[in-house]
Amino acid sequence: MADQTRRTRRVLLLPGDGIGAEVVAQAGRVLRETARLGGQPIEFRELPVGGAAIDACGEPLPAATLRSAQESDAVLLGAVGDPRYDHLPRDRWPERALLGLRAGLATYANLRPVRLHPVLEQASPLRPELVRGVDMLIVRELTGGIYFGTPRGVEGEGDGRVARNTMAYSVGEIRRIARVAFEAARRRRRKVTSVDKANILECSQLWREVVGSVGREYPDVALDHLYVDNAAMQLLARPRDFDVVLTENMFGDILSDEAAMLAGGIGMLPSASLGEGTGLFEPVHGSAPDIAGRGVANPLAAILSVAMLLRHSLGLPEEAARVEAAVERALDAGARTADLARAGETALSTQQMGDRVLEEIAVVMSR
Ligand code: IPM
Ligand code: MG
């Protein structure tokens, strides 16, 4: 058993575009150091993805990058996306790399925890008494729905030119993501809120039916259903009431950005995308071209994604908890990047925040 936990794991780093490279540099340091102090051997590789891969190899997701991802235990991705490539045909946009990785790794379950650290109450644009104690998990279906449905495309001429996307969900796809949500709820406050648009969409009617039937296998977990427009409102009106939010791909994309503002901004949100094989871990924030290259980005979402990677793909829950504890300690001690700092507070650079977390890792790992 001891030997088993010490097997060499393979982690692929995909820094990508914009601030992706800056935050993955810090998150990579944290992962290396945590593994080293815990005596867990990890073999690292690093490859280009997104715009960086277009520059290096002419395509956003080179076959070698996908193959290496499939052969790894886990992938840590920074971000993809850069307006410099907007002139390229749609299938060569950097964002395609992300969809290609999600599909190629079959990571159908996207977990986005939204937790407000107490010292960041003031960093949320919402009133502290409203957001205090927010702790929810968004479970977003990631490989189906309108992002992937066919037929899709643009055809015709002039005013008759038509663009088309298709939303489709099978019973099997809904059932497996619903199970992820109910299992997660059992480790939390035992409440699932399923979000759909069942008053309009057939996909959502099937969604509601299947989630309801999976819910009957979990009588110890409370289930309720909200229409997505109402969910968008309730997330702001009573954010503390939410435990696990279960929803389809596009609704989850939108609601998770909204929910980020409950947790002190999008610079704090990690994510895990899980399927049967390799897990994909990435901060929820994008490439942020407006602040890229200036060393001011908040690396904590990427560092918290490392914690999720340790927990979900490397089977190292203690190391994961230590990374989270180190982040808490750094925040408690006043460490703030520009996005978190209030007037009068000193803002750390990306690298300095990485240094602070590493100092705290050394403390929590020595216990
Ligand atoms: C996200 C992002 C992606 C998505 C984009 C970059 C393709 O917004 O992970 O939330 O829409 O899924
Ligand atoms: Mg998004």
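Everything numeric here is computed off the predicted structure, so don't read it as measured data. (Residues numbered from 1 in each chain as written. Chains lettered and ligands numbered in written order. Predicted model: local features only at pLDDT ≥ 70, side-chain atom pairs only at ≥ 80, totals over all residues. Heavy atoms only, no water.)

### Quick word on the packing of helix α12 (residues 317-332) against helix α13 (residues 350-365)
Point 1. In contact at an axis separation of 8 Å, α12 and α13 are set at 125° when each is read in the N-to-C sense. Judged by the angle between their axes, α12 and α13 are oblique. As for how α12 packs across α13, the hand of that crossing is right-handed. Facing Arg 322, Val 323, Ala 325, Ala 326, Val 327, Arg 329 and Ala 330 of α12, the residues of α13 in contact are Arg 356, Val 357, Glu 360, Ile 361, Val 363, Val 364 and Met 365.
Point 2. Class assignment of the residues belonging to the contact of α12 with α13 gives a composition of 10 nonpolar, no polar and 4 charged. (Axes fitted to C-alpha atoms, helices over the stretch in contact; angles between N-to-C directions. Helix = DSSP H or I, 4+ residues; strand = E, 2+ residues; numbered from the N terminus. Parallel < 35°, antiparallel > 145°, perpendicular 65-115°, else oblique. Left-handed = near helix turned anticlockwise from the far one by under 90°. Contact = heavy atoms within 4.5 Å. Nonpolar A, V, L, I, M, F, W, Y, C, P; charged D, E, K, R; others polar.)

### So, empty space enclosed by the protein
Point 1. Enumeration over the complete set of coordinates arrives at 2 cavities of 30 Å³ or more.
Point 2. Roughly 40 Å³ of internal volume is contained in the largest cavity.
Point 3. Met 167, Tyr 169, Val 195, Asp 196, Cys 203, Ser 204, Trp 207, Glu 248 and Phe 251 are the residues that line the largest cavity.
Point 4. Mapped onto the lining of the largest cavity, the elements with two or more residues apiece are β8 (191-196) and α8 (202-215).
Point 5. The leading source of residues in the lining of the largest cavity is α8, at 3 residues.
Point 6. Grouping the amino acids of the lining of the largest cavity by side-chain chemistry returns 6 nonpolar, 1 polar and 2 charged.
Point 7. Taken as a whole, the second largest cavity spans an internal volume of roughly 30 Å³. (1 Å grid on protein atoms, 1.4 Å probe; cavity = no way out; pocket = protein on both sides within 12 Å on 5 of 7 lines; lining within 4 Å. Points joined across faces, edges and corners; volume = space filled by probe spheres on them.)

### Observations regarding the site of ligand 1
Point 1. Every residue close to ligand 1 is listed here: Leu 98, Arg 102, Arg 112, Arg 140, Tyr 147 and Asp 253.
Point 2. A distance of 2.8 Å is found between an oxygen atom of ligand 1 and a side-chain nitrogen or oxygen belonging to Arg 140.
Point 3. Coverage of ligand 1 by the protein chains reaches 76% of its 320 Å² of free accessible surface.
Point 4. Among the cavities detected, the one that contains ligand 1 is the second largest pocket.
Point 5. Across the shell around ligand 1, the residue classes tally to 2 nonpolar, no polar and 4 charged. (Near = heavy atom within 4 Å. Polar contact = N/O pair within 3.5 Å; in protein donor to acceptor, adjacent residues only side chain to side chain. Areas by Shrake-Rupley, 256 points an atom, 1.4 Å probe, with all protein chains shown as cover. Sits in = over half its atoms within 2 Å of the grid points.)

### Quick look at the environment of Gly 28
Point 1. Residue position: Gly 28 is located in helix α2 (residues 20-37).
Point 2. Overall, Gly 28 belongs to the buried group, its relative accessible area being 3%.
Point 3. Along the backbone, Gly 28 and Val 306 are 278 residues apart, and their C-alpha atoms lie at a distance of 8.0 Å. (Buried < 20%, exposed > 50% of the residue type's maximum accessible area, 1.4 Å probe, protein only.)

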